[in-house]
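# Per-entry structural report
One letter stands for each residue in the lines below.
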Amino acid sequence: LSRVFELNGATLRLEGVKLANGISTNGAVYARGATMTMIDGEIINSSAAQFGGAITVDSSNVTLINSKIINSQSGNYGGAAYIGGGGNMTITAGSLVVNSSAKQGGALFIAESGGNLKVTHNSGVINSTCARYGGALYMSAYGTFLLSDNSSIIGSISNTEGGAASTGGAFVIANGSSIVDSYSLIFGGALDIFGGSLTISNASSINNSRANFGGAMRVTGASVMIAGGSSVDGSFCRTSGGGVYLV
């Protein structure tokens, strides 16, 4: 195995650095009780047998600024990043591109142990795939997710539920952000919401999503608010719930 960094209670700042070809059980970069900041950097071609293909955020604070995670994979959860232990991850003006998971969270996974994730300021999660739940993101009931300030999830695919995301936590799309061109083979073309809450506000949108049930989303035991000139458009289903499938 060839892990790039393992941080235990440490602080790391990287500027203009490329991390490539990391191979590990759970994260090419493993941050435990640590603080990590990457500016103008890249993590590419990383893989993990279990979770967090590029980064595992365990009770840590990780910030990516104008940085990229490209072509990372995991055997279970979170092709690009796994967040747990109440950890925090912020992606600002960055991108996650062509990441995949063999199970849940093609790009991003927030575990039962809790975590908080922000994707902000023109960031993009692009062309993520997973075999089960959450093409771009899987989030447990103990997570929070914010997609804001003209950021987007684009072209994500799940083979079962939640083309863009499968979520039981607090999921917010705000300030002109969007989920576009997502696909799920069965439930929730963009979102499969199995608990918690969904808020879409301030001219944000879900566009051009497809599924068998719930072209835009399937909602089970959750609260949904769409406000402030936001929209759900262009969704398609083969069976039930062209836009929203309520269970």
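Here's a quick rundown of the structure. These numbers were taken from a predicted model, which means no experiment stands behind them.

## Section: the pairing of strand β26 (residues 170–174)
Note that strand β22 (residues 143–148) and β26 share five bridges and pair parallel. By the bridge assignment, S148 is partnered in β26 with A174. Here β26 pairs with strand β30 (residues 197–200) via four bridges, running parallel. Its bridge partner lying in β30, I173 is registered against I200.

## As for the environment of L96
Along the chain, L96 turns up in strand β15 (residues 95–97). Spatially, the C-alpha atom of L96 lies 9.5 Å from that of A136, the residues being 40 residues apart in sequence. Setting aside residues no more than four positions away along its own chain, L96 makes contact with I69, A80, I91, A107, L108, G124, V125 and I126.

## Details of unusual backbone geometry
Trans peptide bonds make up the majority, and among non-glycine residues the majority have a negative phi. Residue N71 is not a glycine yet carries a positive backbone phi of 55°. Looking at where N71 falls in the secondary structure, it is placed in the loop between β11 (68–70) and β12 (73–74). The phi torsion at N175 lies on the positive side, around 60°, for a residue other than glycine. Inspection of the secondary structure puts N175 in the loop between β26 and β27 (178–180).

## Regarding the nonpolar core
I55, M89, L117, F171, I179 and L191 are the most contacted members of the largest nonpolar core, which totals 48 residues. In this view, I179 contacts L147, I153, A164, F171, I173, A190, L191, S205, I206 and N207; residues no more than four positions away in its chain are not counted.

## Notes on the packing of aromatic side chains
Describing an aromatic ring pair means giving the distance of the ring centres and the angle of the ring planes. Counted under the stated rule, the structure contains eight aromatic pairs. With centroids separated by 5.4 Å and ring planes inclined at 10°, the aromatic side chains of Y82 and F109 adopt a geometry described as stacked. In this pair, Y82 sits in strand β13 (residues 81–84) while F109 sits in strand β17 (residues 108–110), placing the two residues 27 residues apart along the sequence. By relative accessible area, Y82 is classed as buried at 16%. Aromatic side chains F109 and Y138 sit 5.1 Å apart centroid to centroid with 15° between the ring planes, which places their arrangement in the stacked category. Taken together, the residues span a long stretch of sequence, with F109 in strand β17 and Y138 in strand β21 (residues 137–139) at a distance of 29 residues. The same class applies to F109 as to Y138, namely buried. The residue whose ring lies beneath R218 is F187, and the NZ or CZ to ring-centre distance is 3.8 Å.

What counts as what
Residues numbered from 1 in each chain as written. Predicted model: local features only at pLDDT ≥ 70, side-chain atom pairs only at ≥ 80, totals over all residues. Heavy atoms only, no water. Pairing = 2+ DSSP bridges. Helix = DSSP H or I, 4+ residues; strand = E, 2+ residues; numbered from the N terminus. Contact = heavy atoms within 4.5 Å. Core = buried A, V, L, I, M, F, W, Y, C linked by side-chain atoms within 4.5 Å. Buried < 20%, exposed > 50% of the residue type's maximum accessible area, 1.4 Å probe, protein only. Phe/Tyr/Trp six-rings, centres within 6.5 Å; stacked < 30°, edge-to-face > 60°. Lys NZ or Arg CZ within 6 Å of the ring centre and 35° of its normal.

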